[in-house]
Amino acid sequence: MMKQLKTTQEILDASMQQDLYKKLVQQLNKDFLYANIDLSFNEDVLPSSLKLILHETIYNLIQEKFIDYLNLLYIIDVPEYKVKQLDGSDVLALSEQVTFLLLQREWQKVWFKQQYS
């Protein structure tokens, strides 16, 4: 059964421990490409860098390219109700929470593919 991970760091740690980090990076790259967002990670990117760059990218999308941001959430399949529960008054905090939701969803995809393939 999949353990409920509560932070971005827990997701990254779990992906490393289960040897699925590269697959997580590949999944992110694939979905960003589908969303037509110019971001691609090297498979050897450090988890701390991945987290930082993702957070910055989400922040910039919210501020400058909101339609692309919504499209990305749709493509990655982040549940809309979860995003609506977030407090949007602080864009920096919001982008950090959305980064978590995005990674959480990507991690689910990678984990399930691993379990059931």
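Residues numbered from 1 in each chain as written. Predicted model: local features only at pLDDT ≥ 70, side-chain atom pairs only at ≥ 80, totals over all residues. Heavy atoms only, no water.

Novice: Please give an account of helix H1 (residues 8-17) that cites residues and values.
Specialist: Within H1, the full set of buried residues consists of Thr8, Ile11, Leu12, Ala14 and Ser15. Within H1, the buried residues cover an arc of 160° as seen down the axis, which keeps them to one side. Elements in contact with the buried residues of H1: helix H2 (21-34), helix H3 (47-64) and helix H6 (91-115). After H1 finishes, the residue Asp19 shows a positive phi value of roughly 60°. (Buried < 20%, exposed > 50% of the residue type's maximum accessible area, 1.4 Å probe, protein only. Helix = DSSP H or I, 4+ residues; strand = E, 2+ residues; numbered from the N terminus. Arc of directions from axis to C-beta. Contact = heavy atoms within 4.5 Å.)

Novice: Could you give an account of the pattern of salt bridges, naming the residues involved and the relevant values?
Specialist: On inspection of all chains with the given rule, the structure shows five salt bridges. The salt bridge involving Lys109 is made with Asp31; its shortest N-O contact spans 2.8 Å. Taken together, the residues Lys109 in helix H6 and Asp31 in helix H2 connect sequence positions 78 residues apart. Asp31 shares its class with Lys109; the two are buried. Between Asp77 and Arg105 there is a salt bridge, and its shortest N-O distance comes to 3.2 Å. Placement of Asp77 in the loop between helix H4 (66-76) and helix H5 (80-84) and of Arg105 in helix H6 is noted, with a sequence separation of 28 residues between them. Assessed through its relative accessible area of 42%, Asp77 is described here as partly exposed. (Salt bridge = Lys/Arg side-chain N within 4 Å of Asp/Glu carboxyl O.)

The analysis is restricted to geometry; functional conclusions fall outside its scope.
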